[in-house]
Amino acid sequence: METESLLVIRMKRLWQRLYVRLYRRGNVLRLRIYQQKWKQRNLAKRRGQYRRAAANQYAKDKHKILGRNAKYHARVRPHRLAYLVEWRKQHVDHARRIQKAWRELHSKQIVAKQRAWYQKNRLHAIAHRDRRRARLKGAEGIYTAADVERLFTSQQGRCFYCGKDLESFHVDHKIPISRGGMNSSENLCCACRWCNLSKSDRLISEWLGYLKAVDEKSYRRVRENIQAMLAVPIKRKILGY
Ligand SMILES: [Zn+2]
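Now for a description of the structure that goes with this document. (Residues numbered from 1 in each chain as written. Predicted model: local features only at pLDDT ≥ 70, side-chain atom pairs only at ≥ 80, totals over all residues.)

Quick look at helix α5 (residues 107–120) now. The terminal C-alpha atoms of α5, which comprises 14 residues, lie 20 Å apart, in line with the 20 Å expected from a rise of 1.5 Å per residue. Burial within α5 is sparse, with just zero of its 14 residues counted as buried. (Helix = DSSP H or I, 4+ residues; strand = E, 2+ residues; numbered from the N terminus. Expected span 1.5 Å × (residues − 1). Buried ≥ 20, exposed ≤ 12 C-beta atoms within 10 Å, placed from the backbone.)

And the structure:
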């Protein structure tokens, strides 16, 4: 009895399996459609499940995953860059359009970033600019941001010409580079914007002469201050007589 019933059960199972196989084979399309519908019905649920599982996995292996990602990016970076360079060569106009659009989209951030960089590195930027100017004019001398900081301290944070307390300042060449002055710290001073722009490319003596003619009050203030700064009668060398 037992063996018979076991045999029957086995036969039933075999038959079932065969039936399923035949049904699948005969209804490929219908099954595919059904599967797709089922997937769509359960998409949100499945997505949530996958996301949660991924988040759990990430929380568990965060350092491992980040390390693996960093390694991967470091490895592919040269290839990526090479590909990008090549792509740009082949799509010059397209690349330009993309870049322009990107710049327009991020113009505010770009300006803010540049401004922040300039504020932080202002003296370096000025020193760099003057180095270039001096080279073009054939003037000798190099100065650094540290030189300007020392000057500022030695002037006690006041304008070399008018004595005003300086918040921001211009780096002025006492004898302008365009007039044969050196680009080294002995020829430099920290000056307020007004003095620097008013003096322009004049020698101090010429500037004082100009001020005397157009602005008596400023002339007296500047002359007195320069004398006080030097603590001796105005030196010929610095005045450029
Ligand atoms: Zn000034």
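This is not the end of the story, as more comes after the structure.
Right, let's get into the nonpolar core. In terms of nonpolar packing, the biggest core is built from 20 residues, with Val 148, Cys 159, Phe 160, Tyr 161, Cys 190 and Ala 191 touching the most fellow members. The set of elements that each furnish at least two residues to this core consists of β2 (188–191), α9 (204–214) and α10 (216–230). Filtering out sequence-adjacent residues up to four positions away, Cys 190 remains in contact with Val 148, Leu 151, Phe 152, Gln 155, Phe 160, Leu 166, Phe 169 and Val 171. (Core = buried A, V, L, I, M, F, W, Y, C linked by C-beta atoms within 7 Å. Contact = placed C-beta atoms within 7 Å.)

Phi is positive for Gln 156, which is not a glycine, with a value near 55°. Tracing the sequence through the fold places Gln 156 in the loop between α7 (145–154) and β1 (170–173). Residue Ser 200 is not a glycine yet carries a positive backbone phi of 55°. Tracing the sequence through the fold places Ser 200 in the loop between α8 (193–199) and α9.

Of the two faces of β2, the one lined by Leu 188 and Cys 190 and the one lined by Cys 189 and Ala 191 are each fully buried. In the sheet, β1 pairs with β2 via four bridges, with the strands oriented antiparallel. Considered in β2, the bridge of Val 171 is made with Cys 190. (Pairing = 2+ DSSP bridges.)

In a pair of packed helices, the angle between the axes and the distance between the axes together describe the arrangement. Contact geometry of helix α6 (residues 122–137) with α7 gives a least axis separation of 8 Å together with a crossing angle of 110°. Between α6 and α7, the angle is such that the two are roughly perpendicular. As for how α6 packs across α7, the hand of that crossing is right-handed. For the pair α6 and α7, the contacting residues are Leu 123, His 124 and Ala 127 in the first and Ala 145, Val 148 and Glu 149 in the second. (Axes fitted to C-alpha atoms, helices over the stretch in contact; angles between N-to-C directions. Parallel < 35°, antiparallel > 145°, perpendicular 65-115°, else oblique. Left-handed = near helix turned anticlockwise from the far one by under 90°.)

It is worth spelling out α6 at this point. The end-to-end C-alpha distance of α6 is 22 Å, a good match for the 22 Å that 16 residues give at a rise of 1.5 Å each. All buried positions along α6 are accounted for by Ala 127, Asp 130 and Ala 134. Taken down its axis, α6 places every buried residue within 65° of arc, on the same side. Facing away from the buried side of α6 by over 90 degrees, the exposed positions are Arg 129, Arg 132, Arg 135 and Leu 136. Summarising the contacts, the buried residues of α6 are in contact with α7. Among the residues trailing α6, Gly 138 stands out with phi positive, at a value near 75°. (Arc of directions from axis to C-beta.)

The analysis is restricted to geometry; functional conclusions fall outside its scope.
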